[in-house]
Amino acid sequence: FEPETLVARVAAEVARLRKAGRGVLVFATTEAEARRYVDAVDEAALYEADSPAPVTVLTVAQGSHGLNLQDRADAVVCRPLPGDVLEQMKGRVDRPGQARLRLDLVVVVAQDTVEEAEAANIRLCGRFFRQYLDPLAVPFRERAVEAQLLAHDRDLSVAKAFSRVLDASDDEEEDEIEADIERAAANADAAAAAAKKPAASKRRPKKQTPSRKPIAVATSASTPAAELTAASMQLAVAHLAAVDDRLAALIAQVGPPTSMLESIPAKTGHEGVCWRSLVKSVVYQQLSTKVAQTIHARLVAACGPTFTPRALLDLDPTTLLSPKVGGTVGLSRTKMEYVREISALFAEGTLTDAVLRALDDEALMRTLKQVRGIGEWSVHMFMMFCLARPDVLPVGDLAVQKAFKKLYATNATLTGATDVNELPTRTQMEAIAEKWKPWRTVGSWYMWHVVETAAANWV
């Protein structure tokens, strides 16, 4: 390609960003390229420590030395760069204390060259980071504590124990690792020793209805709200856009939440929709999506032609466990007990689709939290994506918490706008979402899109 074409495109992108009031950093791969940018781009100047300019041009080598340029710019323009180098460039402006919540990255690509592949790789790495690595920021602390407990109990280094904790999401390792962590946390030396005996690992659980504490179905104080429909979704979106300017901008960018309705199972008239949803939520807890899908598919297949509570209870419990202990499905021992207990409640009729659909949100929460393996987050997901309840705010969901922090700058004065250590409290989230009522479910759906849609602009 012609260098003039590259320079003209960079100049056009900088002009667009400047028109929007952005300060811009332009990274060049060589000094000669940097001088071309300065000559062609309005308001541009080469980087000088004591002479800020509306558009600062510097080489990639200069930008890799830890410069803090957040007072000059909130947008970066560059050509495709290796992932670690690109992160260095973004780090000149993306750091705690930045003035703007939104930062723009513009990557200018030469078509029909190797740069197209390089740009595609940048997209892939960015998507991987946002989906898999970024959500680990807060759970890291919990896993580090688990690693310390496990290291003490199993005479391992903390580093090796931490690796084992991270590997616990693998379906063939889940049973062994989770059992190790539970023994360590409880410091139950006798139980740990018994669990390690060969005879104990060979013993097959008896096929019987699981023993458990009885639960009491709570009494509703009101009639449950009508389920979300395509028509009510339009009312919800209009209400949210009218009462919340920040959410209105997000709605304009993301569009209507059609995929949310598509994810809600249809009422088929056959019993078991609620049971299948609750069992699936337990299977998916603390696992990557890929591993959870594999284990859930094995569970459905193991139950034969009909996936019902009775079919699951009729299975030998060992079948539900990891292949390492003679099973085929891959559940941990704890989750095996949970799904059997839930199945027993439905098989005996204590819980049914009709019973659960008749409860208001508060009664539903009180009822289901009595069931082992079901906590507040699981009940919220059940309300939203199985029963289509319109006014649910999942305050315990990490992604929703991070979205509130990013969109509404909660605690920004304490930690800086990009610091994830101080996530919003339940009280803060409820106060912000008060004006969303009675459509907090739909507002929460948009929160899951905040991190993804505000990450970067591409050309």
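Scroll up for the structure.
Computed from a predicted model, the values in this text were never measured in an experiment. (Residues numbered from 1 in each chain as written. Predicted model: local features only at pLDDT ≥ 70, side-chain atom pairs only at ≥ 80, totals over all residues. Heavy atoms only, no water.)

A. Molecular detail of the overall build of the protein. Helices and strands together make up the secondary structure of the protein, namely 25 helices and five strands. Sequence separation of at least 24 residues holds for 69% of the intrachain contacts in the protein that already meet a minimum separation of 6. Surface accessibility of the protein: about 23,000 Å² in total, with carbon and sulfur atoms responsible for 54%. (Helix = DSSP H or I, 4+ residues; strand = E, 2+ residues; numbered from the N terminus. Contact = heavy atoms within 4.5 Å. Areas by Shrake-Rupley, 256 points an atom, 1.4 Å probe, with all protein chains shown as cover.)

B. Structural detail: unusual backbone geometry. Residues lysine 437 and proline 438 are joined by a peptide bond in cis, for which omega reads 5°. One non-glycine residue, glutamate 43, adopts positive backbone phi at about 65°. The topology assignment puts glutamate 43 in the loop between α2 (31-40) and β2 (44-46). Residue class for glutamate 43 comes out partly exposed when judged on its relative accessible area of 43%. (Buried < 20%, exposed > 50% of the residue type's maximum accessible area, 1.4 Å probe, protein only.)

C. Quick look at helix α12 (residues 245-254). Turning to α12, its buried residues are Leu247, Leu250 and Ile251. The buried residues of α12 occupy one face: seen down the axis, they fall within an arc of 100°. The exposed residues of α12 that point more than 90 degrees off its buried face are Asp245 and Ala252. Residue aspartate 244 occupies the N-cap position of α12, its side-chain oxygen lying 3.1 Å from the main-chain nitrogen of arginine 246. In the segment just after α12, glycine 255 is the residue with positive phi, at about 95°. (Arc of directions from axis to C-beta. Polar contact = N/O pair within 3.5 Å; in protein donor to acceptor, adjacent residues only side chain to side chain.)

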